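# A look at the structure
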Amino acid sequence: MNAPETMHPAPPQLHPQPRPEVMKIAAYVGGEGKLEGVNRVIKLSSNEGAFGPPPGAVAAYTKVASEIFRYPDGASTALRAAIGRRHGLDPTRIVCGTGSDELIGHLCHIYGGAGTDILMSMHGFTMYQIAGTYAGSRVIKVPERNLTTDVDALLANVTEATRIVFVANPNNPTGSLLPQAEMERLRAGLRADILLVIDAAYAEYVEAADYDPGVKLVDAGENTVMLRTFSKIYGLGGMRVGWAYAPAGAIDALNRVRGVFNVNIAAQAAAVAALAEPGWVEKGREHNARARARLSAALERAGIKVWPSHGNFFLADFATPARAAAADAALRARGLIVRAMGAYDLPHCLRITVGTDEECGLVAEALTAFMAAQKDG
Ligand SMILES: *Cc1c(COP(=O)(O)O)cnc(C)c1O
């Protein structure tokens with residue numbers, strides 16, 4: 001039987017059409033790692049940690065090679081137990097993911113969707129916008145104050161449609177931090193049915209006394225999730241391992257929708273070993289604090305404004321997009337790759353990852369020469 005005329009059949013399409021919101025997403029552009037015609041490239045564009053992977057993680061990765069025909073433990077049991085031991089957390093309240101990016105995506109689909117709003121701050125981590133839009137939510141970017149998340153502005157933008165608030169603490173790319181009292185004020189000002197996601201990808205680098213990565217607020221209720229990653233201080237970005245510490249309800253939902261074997265066998269082995277590497281986190285944190293302070297001071301002496309940061313990166317502010325682009329070119333000419341910030345609406349800034357002392361020295365040298373040439377020119 002033919003369909004009746006009144007059913008208004010969809011116009012014929014020549015090929016399958018993505019949902020319209022998919023085409024609104026600007027694809028994520030990662031930090032570059034190659035330069036044409038430069039032998040030694042120093043990649044300071046993805047906050048990957050200054051010291052490469054922990055030696056024990058490399059050994060564990062190598063050792064598991066003969067096992068890679070096996071499916072991994074889909075529940076990441078040993079890894080969750082190791083994370084639990086390290087952080088004093090109940091492993092049943094942990095879910096591991098293919099990087100914390102996977103978990104960001106699932107949270108948006110679980111709690112967001114058509115007709116809902118997701119809040120993030122103006123210069124917050126781009127993945128929230130990508131994942132939230134893909135889920136069908138409207139993603140609202142809320143103004144910041146002094147490149148720092150503004151709790152009052154977030155609260156002022158809450159509506160009946162709000163389902164999730166994402167805060168990276170410290171934030172990438174700005175490096176700014178919300179003290180625990182501010183985070184608690186945010187939680188207290190949000191309705192109970194709004195999920196607060198505290199993304200603490202850089203928690204291990206923080207030295208501020210009034211900081212909590214999110215554990216306290218997760219424990220205090222049923223509506224806060226903390227996200228962590230092995231991609232930064234643990235030096236395992238290429239392995240793709242992140243985790244959530246969450247209330248039972250969110251754990252249950254995440255376990256229903258995540259990739260069944262989302263963390264592969266080598267990634268689980270490497271992450272367990274990384275947690276066991278003696279002194280690794282302490283070494284990374286101490287180096288970072290010292291090297292970040294020294295490089296920041298060198299750039300300020302050269303006349304570049306540096307935004308204070310609690311992560312293993314910071315924003316160098318060149319005042320104009322043109323000067324930032326010229327500085328980027330001067331760095332590239334010496335094989336130094338940092339991150340341009342146009343995609344974050346900060347085109348006058350470059351985000352510089354804190355590398356080894358030698359790498360930081362090369363950045364300082366290049367930018368000091370660049371600024372001197374600006375004055376002469
Ligand atoms: C790097 C980063 C992540 C981690 O992503 P992975 O998928 O775990 O590699 C999450 N959030 C922020 C803010 C980051 O900068």
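Residues numbered from 1 in each chain as written. Predicted model: local features only at pLDDT ≥ 70, side-chain atom pairs only at ≥ 80, totals over all residues. Heavy atoms only, no water.

Attention now moves to unusual backbone geometry. For the bond running from Asn 169 to Pro 170, omega is -5°, close enough to zero to count as cis. Mapped onto the elements, Pro 170 comes out in the loop between strand S5 (162–168) and helix H6 (180–189). Cis geometry marks the peptide bond from Asn 172 to Pro 173; its omega dihedral reads 15°. Its location among the elements puts Pro 173 in the loop between S5 and H6. The phi angle at Asn 146 is positive, at roughly 60°, despite the residue not being glycine. Residue Arg 240 is not a glycine yet carries a positive backbone phi of 65°. Mapped onto the fold, Arg 240 is located in the loop between strand S7 (224–229) and strand S8 (242–245). (Helix = DSSP H or I, 4+ residues; strand = E, 2+ residues; numbered from the N terminus.)

Time to look at the sheet that holds strand S13 (residues 349–353). Paired through backbone hydrogen bonds, the strands of a sheet run either parallel or antiparallel to each other. Strand order in the open sheet made by the four strands is S9-S10-S13-S12, with antiparallel pairing throughout. Two strands close off the open sheet at either side, each with one partner strand: strand S9 (305–306) and strand S12 (339–340). Two strands pair when backbone bridges link them, and S12 and S13 are joined in this way by two bridges, in the antiparallel orientation. Looking across to S13, one finds that Ala 340 is bridged to Leu 350. Along the sheet face, helix H10 (residues 280–301) touches S9, strand S10 (313–317) and S13 and points at about 5° away from the line of S10. The strands touched by helix H11 (residues 321–333) are S12 and S13; relative to S13, the strand with the most contacts, the crossing angle is about 35°. (Pairing = 2+ DSSP bridges. Contact = heavy atoms within 4.5 Å. Axes fitted to C-alpha atoms, helices over the stretch in contact; angles between N-to-C directions.)

On to the packing of H10 against helix H12 (residues 357–376). The interhelical angle for the contact between H10 and H12, taken along N-to-C directions, is 10°, at an axis separation of 9 Å. Compared by their axis directions, H10 and H12 come out roughly parallel. Note on element contacts: H12 touches H10 through Asp 357, Cys 360, Val 363, Ala 364, Leu 367 and Thr 368, opposite His 287, Arg 290, Ala 291, Arg 294, Leu 295, Ala 298 and Leu 299. Its residues placed into classes, the contact of H10 with H12 shows eight nonpolar, two polar and three charged. (Parallel < 35°, antiparallel > 145°, perpendicular 65-115°, else oblique. Nonpolar A, V, L, I, M, F, W, Y, C, P; charged D, E, K, R; others polar.)

Turning to the pairing of strand S3 (residues 117–121), a few remarks are in order. Extensive coverage of S3 is indicated by the burial of five of its five residues. Where burial is concerned, the two faces of S3 agree: the one with Asp 117, Leu 119 and Ser 121 and the one with Ile 118 and Met 120 are both buried. Pairing of S3 with strand S4 (residues 138–142), which is carried by five bridges, proceeds in the parallel orientation. Counted as the bridge partner of Ile 118 is Val 139 from S4. Running through helix H4 (residues 126–135), the crossover from S3 to the neighbouring parallel element S4 is right-handed. (Buried < 20%, exposed > 50% of the residue type's maximum accessible area, 1.4 Å probe, protein only. Right-handed = clockwise from strand over helix to strand, strands pointing away.)

What follows is about the domain arrangement of the protein. As assigned here, the protein comprises domain 1 (30–51 + 280–376) and domain 2 (55–276). Counting from both sides, the interface comprises 24 residues of domain 1 and, opposite them, 27 residues of domain 2. Contact with domain 2 buries area across many residues of domain 1, yet Trp 280, His 310 and Tyr 344 alone supply 31% of it, more than any other trio. Inspection of the domain 1/domain 2 interface yields zero salt bridges. (Domains from an automatic or database assignment. Buried area = accessible area lost by both parts, 1.4 Å probe. Salt bridge = Lys/Arg side-chain N within 4 Å of Asp/Glu carboxyl O.)

A few words on the site of the ligand. Around the ligand, the surrounding shell holds 13 residues, and the nearest of these are Asp 199, Tyr 202, Thr 229, Ser 231 and Lys 232. Separating an oxygen atom of the ligand from a side-chain N or O atom of Tyr 202 is a distance of 2.6 Å. Between the ligand and Ser 231 there is a distance of 2.6 Å, counted from an oxygen atom to a side-chain nitrogen or oxygen. For the ligand, the protein covers 94% of the area, taking 380 Å² as the surface of the free molecule. (Near = heavy atom within 4 Å. Polar contact = N/O pair within 3.5 Å; in protein donor to acceptor, adjacent residues only side chain to side chain. Areas by Shrake-Rupley, 256 points an atom, 1.4 Å probe, with all protein chains shown as cover.)

What follows covers the environment of Ala 364. Tracing the sequence through the fold places Ala 364 in helix H12. Here the alpha-carbon distance between Ala 364 and Glu 300, two residues 64 residues apart in the chain, equals 9.9 Å. The contact partners of Ala 364, leaving out residues within four places of it in the chain, are Leu 295, Ala 298 and Leu 299.

The seven strands are arranged S2-S8-S7-S6-S5-S3-S4 in an open sheet whose pairing can be described as mixed. Sheet topology places strand S2 (94–97) and S4 at the edges, where each strand pairs with a single neighbour. For this sheet the average axis-to-axis angle between neighbouring strands, irrespective of direction, equals 20°. Note: strand S6 (residues 195–199) against S7, four bridges, orientation parallel. Bridge pairing in S7 links Val 197 to Val 225. Most of the contacts of H4 go to S4, to which it runs at about 155°, and overall it touches S3, S4, S5 and S6.

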